[in-house]
Amino acid sequence: MIVALETATTACSAALCATDGSVVAERVSLAGPAHSRLLLPFVREVLEEAGRGWDDVGTVAAGLGPGAFTGLRIGIATARALAQADGRAELAGVPTLSALALALAGAPEAASGGRLVPLVDGRRREVFAAVFEPDGDGVRQIEDVAVVPADELAGWLADRGPVVVGGDGAALYGELLPPSARAAAGVVAPTAAMVGRAVACGAPGVVRGPDLVLPLYGRAPDAKPRAAGPGSPGAGGPTRGCAP
Amino acid sequence: MRTDLAEPGQAAPAGPILAVETSCDDTSSAVVHGREVLSSVVSSQDELHAQFGGVVPEVASRRHTELVNEVIAEAMSRAGVTWDDLAAVAVTQGPGLIGALLVGLATAKSVACRRRLPLIPVNHLQGHIAANYALGIEAPFICLVASGGHTLLAVVEEGVRYRVAAKTLDDAAGEAFDKGARLLGLGYPGGKELDRLAARGDPGFARFPRSMPRGRGFSFSGLKTALLYDLRDRDEAEVEAHRADIAASYQAAIVRQLVEKTVAGAQHEGLRSVAVAGGVAANSGLRAALTQACEAEGLRLSLPPLSLCTDNAGMIGLAAGFLPALPWPDYLDLDAFASDAEAKAARPPRTRRPERAPRPRRPRGA
Ligand SMILES: [Zn+2]
């Protein structure tokens, strides 16, 4: 079975999925960022609800983002450590946009065709977006992740023809969507169930092992390296040593 | 095994503790048994942050995520322990950089959860103080805690329980070293560079104010200003020629205050045992001056090796031996805290230290 985690957005979720990707038990909180407090209790609850133990778990999987940095790290650090201490379970990860795209492919709004464009809130009035198209039972990615300013979203989407959009970015900027975009009402926050299914189905970008299951930040840290050498002004962060 | 050294009523988990510390820019893990550090691995991010001229929290958090599992594996391998040998997992809960703390906390909670081990959340400052227990010190003692974020005198009453006898009124000592290093145009990390330069300078070259704040608190912002004026009053060639002398004079002024206040604090509290903790305790000028002063005053000095002064998980494991262990699953919802003020909000009142040993481990699985 698969223990799946998804923490790239303000939604926090854990799921227990069968190896075919079907959901056995799931916990989702949309209440806002409290991943540190919610995630492991959710993991415990899905196992208990299903009457399963770690001996039944073959894979620990996490959504890799992009998304909000801190939440993303909590989910991925949790998955990495659970797999490490388990010693036997495989560690897997899938880009959050890829998991969302697979969910979009199954949405009723996608029945009439069109490309699939998951949108994740990137804060600062930007969204993380990628373009997929249906491919048999799965999806195929046809454009890499882009960081699209909210104000340019309508034009960016319109350039891609008829599309089905979803994700928390689509919900947040619903009023900015062009007529060519149909929002999938049932695909809002990315969830652990989507991650479990994406890993089970081999969605685009699935990776395995601790060398690869790491956050996809989609954006560099704000700090810019300063000119090295003595005498340069202290433009860096706080002084070294434990913070107050 | 040295659990016989544990103080009465302070039942340390009977077996090795895996400790994790990621409160700032060093990723660290250790295995500690009683007062013995079986292994301590620190993956320093100094080089990474040097290009930014200071610790960038987001950069540190990213690096912790990449490193922490390997560092844990290395600590366990060096200690020769397996998951089945561990009695508990300890982790720094705060204070520190919140994003950095959360990586270590999520990791520690998760390994503990998977192995159904108890978790011991540790306050970073108590960790620094506890480093001295590796040297065989016995409470009560007075401890100078000095780092980039803290400068205080802790009266350690028992285990890692302490009372603050004095603290800084403005900058922390480590901050004073780092800011001084910047004014002197030294590289990063500043405190270390300043110490190295000061070693070949004349501490009597420049005169910095001897006066100290009234009362028992520390103050360093005046010294920093004095250094600024001193450098301004000299021409470039003179600064160039005497950079080491100015550094030595500045360092001596900081050290003088730390040493005098610490010795006075010990005398005021009637304590004969003095300890130091925190990154500033790695400063060679401080170590020499404090050794001399304690000898002169007949005080017993505990001076941890450098590896136990700077941030490390060994000290977290040592502190854990004195703290209550939360049994599975009581810690699954534990949160980190950035400051001591936030600590109270992070979780409802802590469970008191149990009178008895932590409950035996449950069977694994599930
Ligand atoms: Zn520290």
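Thresholds applied
- Residues numbered from 1 in each chain as written.
- Chains lettered and ligands numbered in written order.
- Predicted model: local features only at pLDDT ≥ 70, side-chain atom pairs only at ≥ 80, totals over all residues.
- Heavy atoms only, no water.
- Phe/Tyr/Trp six-rings, centres within 6.5 Å; stacked < 30°, edge-to-face > 60°.
- Helix = DSSP H or I, 4+ residues; strand = E, 2+ residues; numbered from the N terminus.
- Buried < 20%, exposed > 50% of the residue type's maximum accessible area, 1.4 Å probe, protein only.
- Lys NZ or Arg CZ within 6 Å of the ring centre and 35° of its normal.
- Salt bridge = Lys/Arg side-chain N within 4 Å of Asp/Glu carboxyl O.
- Axes fitted to C-alpha atoms, helices over the stretch in contact; angles between N-to-C directions.
- Parallel < 35°, antiparallel > 145°, perpendicular 65-115°, else oblique.
- Contact = heavy atoms within 4.5 Å.
- Nonpolar A, V, L, I, M, F, W, Y, C, P; charged D, E, K, R; others polar.
- Domains from an automatic or database assignment.
- Buried area = accessible area lost by both parts, 1.4 Å probe.
- Polar contact = N/O pair within 3.5 Å; in protein donor to acceptor, adjacent residues only side chain to side chain.
- Pairing = 2+ DSSP bridges.
- Right-handed = clockwise from strand over helix to strand, strands pointing away.
- pLDDT = per-residue confidence, 0-100.
- Left-handed = near helix turned anticlockwise from the far one by under 90°.
- Patch = residues over 30% accessible without salt bridge, like charges linked within 9 Å, V, L, I, M, F, W, Y side chains within 5 Å.
- Areas by Shrake-Rupley, 256 points an atom, 1.4 Å probe, with all protein chains shown as cover.

What follows is about the packing of aromatic side chains. This model, assessed by the stated rule, comprises 5 aromatic pairs over all chains. Centre to centre, the rings of Tyr133 of chain B and Phe322 of chain B are 4.5 Å apart; their planes meet at 40°, and the pair counts as tilted. Taken together, the residues Tyr133 of chain B in the loop between helix 4 (124-130) and strand 6 (141-146) and Phe322 of chain B in the loop between helix 11 (313-320) and helix 12 (340-346) connect sequence positions 189 residues apart. Like Tyr133 of chain B, the residue Phe322 of chain B is buried in the burial classification. Pairing Phe218 of chain B with Phe220 of chain B gives two aromatic rings, centres 6.3 Å apart and planes at 10°, and the pair type is stacked. Three or more aromatic residues joined by ring pairs form one cluster here, namely Tyr133, Phe141 and Phe322 of chain B. Sitting above the plane of the Phe69 of chain A ring, Arg62 of chain B keeps its charged end 4.8 Å from the centroid. Above the face of the Trp328 of chain B ring, Arg116 of chain B is positioned so that its terminal group lies 3.5 Å from the ring centre.

As a further point, take the pattern of salt bridges. By the definition in use, this model includes 30 salt bridges over all chains. Note that Arg125 of chain A and Asp151 of chain A form a salt bridge whose closest N and O atoms lie 2.9 Å from each other. Of this pair, Arg125 of chain A sits in the loop between strand 6 (115-121) and strand 7 (126-135) while Asp151 of chain A is found in the loop between strand 8 (138-149) and helix 4 (153-158), placing the two residues 26 residues apart along the sequence. Given a relative accessible area of 65%, Asp151 of chain A falls into the exposed group. Notably, a salt bridge pairs Arg163 of chain B with Glu269 of chain B, separated by 2.9 Å at the nearest N-O pair. Of the two residues, Arg163 of chain B sits in strand 8 (residues 161-167) while Glu269 of chain B sits in helix 8 (residues 236-269), which places them 106 residues apart along the sequence. Relative accessible area serves as the criterion here: at 22%, Glu269 of chain B is assigned to the partly exposed category. Several salt bridges converge on common partners, so that one network encompasses Glu157, Glu158, Arg161, Arg163 and Glu269 of chain B.

A few words now on the packing of helix 5 (residues 173-183) of chain B against helix 8 of chain B. Residues and elements named next belong to chain B. At a minimum axis separation of 11 Å, helix 5 and helix 8 run at an interaxial angle of 175°. In this view, helix 5 runs roughly antiparallel relative to helix 8, as classed from their interaxial angle. Counted together, Ala173, Ala176, Phe177 and Gly180 of helix 5 and Tyr250, Gln251, Ile254, Val255 and Leu258 of helix 8 form the full contact between these two elements. Within the contact of helix 5 with helix 8, the residues separate by chemical class into 7 nonpolar, 2 polar and no charged.

The parts lose accessible area when they come together, and the size of an interface is often stated as this lost area. Residues and elements named next belong to chain A. Its domain assignment divides chain A into domain 1 (2-95 + 190-208) and domain 2 (97-183). Put simply, the middle of domain 1 and the middle of domain 2, counted by C-alpha atoms, are 23 Å apart. Summing the contributions of domain 1 and of domain 2, the shared interface buries around 1200 Å²; its carbon and sulfur component is 71%. Together, Pro66, Met194 and Pro204 form the three largest contributors to the area buried by domain 1 at its contact with domain 2, with a combined 40%. Counting across the domain 1 and domain 2 interface gives 0 salt bridges. Between the two partners, domain 1 and domain 2, sit 4 residue pairs in polar contact (both at pLDDT 80 or more).

Bringing the pairing of strand 5 (residues 119-123) of chain B into the picture now. Two faces, one strand: in a regular strand the side chains alternate between the faces of the sheet. Residues and elements named next belong to chain B. In terms of burial, strand 5 is largely enclosed, as 5 of its 5 residues are buried. Side-chain alternation along strand 5 places Leu119, Pro121 and Asn123 on one buried face and Ile120 and Val122 on a second face that is also buried. When strand 4 (residues 88-94) meets strand 5, the two strands line up parallel, connected through 5 bridges. Bridge pairing links Thr92 to Val122 in strand 5. In this fold, the crossover linking strand 4 to strand 5 by way of helix 3 (residues 98-115) has right-handed handedness.

Each partner contributes to the interface: chain A provides 43 residues, whereas chain B provides 56 residues. Buried surface at the junction of chain A and chain B, both sides included, amounts to about 4400 Å², of which 60% is carbon and sulfur. Run the count over chain A and chain B and you get 3 salt bridges. Measuring nitrogen to oxygen at the nearest pair gives 3.7 Å for the salt bridge that ties Arg37 of chain A to Asp335 of chain B. Elements that contribute at least two residues to the side of chain A that touches chain B include exactly helix 1 (35-50) and helix 2 (69-86) of chain A. Take the side of chain A that touches chain B: its biggest share by element is 12 residues, from helix 2 of chain A. For the side of chain A that touches chain B, the class distribution of residues is 22 nonpolar, 11 polar and 10 charged.

Here we take up the confidence of the model for chain B. Residue and element names in this part refer to chain B. Taken over all residues, the pLDDT of chain B has a mean of 89, while the share at 70 or more is 89%. Considering only residues more than four positions removed or in separate chains, one finds that residues 1-10, a stretch of pLDDT under 50, has 22 contacts. Listed scores for the predicted complex are pTM 0.90 and ipTM 0.93.

Attention shifts here to the packing of helix 2 of chain A against helix 3 of chain B. Taken N-terminus to C-terminus, the directions of helix 2 of chain A and helix 3 of chain B make an angle of 35°; their axes are 8 Å apart at the nearest point. Crossing of helix 2 of chain A over helix 3 of chain B shows right-handed handedness. From helix 2 of chain A, Thr70, Arg73, Ile74, Ala77, Thr78, Ala81, Leu82, Gln84, Ala85 and Asp86 of chain A reach across to helix 3 of chain B, where they touch Leu102, Val103, Ala106, Thr107, Ser110, Val111, Arg114 and Arg115 of chain B. A per-class count over the contact of helix 2 of chain A with helix 3 of chain B returns 9 nonpolar, 5 polar and 4 charged.

Moving on: the sheet that holds strand 11 (residues 207-208) of chain A. Residue and element names in this part refer to chain A. Here we have 6 strands laid out as an open sheet, ordered 3-2-1-4-5-11, and mixed in their pairing. A strand with exactly one partner marks an edge of an open sheet, and here the two such strands are strand 3 (23-29) and strand 11. Helix 1 contacts strand 1 (2-6), strand 2 (12-17) and strand 3 of the sheet and is inclined by roughly 20° relative to strand 2. Running over the sheet, helix 2 touches strand 1, strand 4 (59-63) and strand 5 (90-94) and is turned about 170° from strand 4.

In this section: a nonpolar patch on the surface. Taken together, Leu183, Leu228 and Tyr229 of chain B make up a surface patch of nonpolar side chains, about 250 Å² in accessible area. If you trace the backbone, Leu183 of chain B turns up in helix 5.

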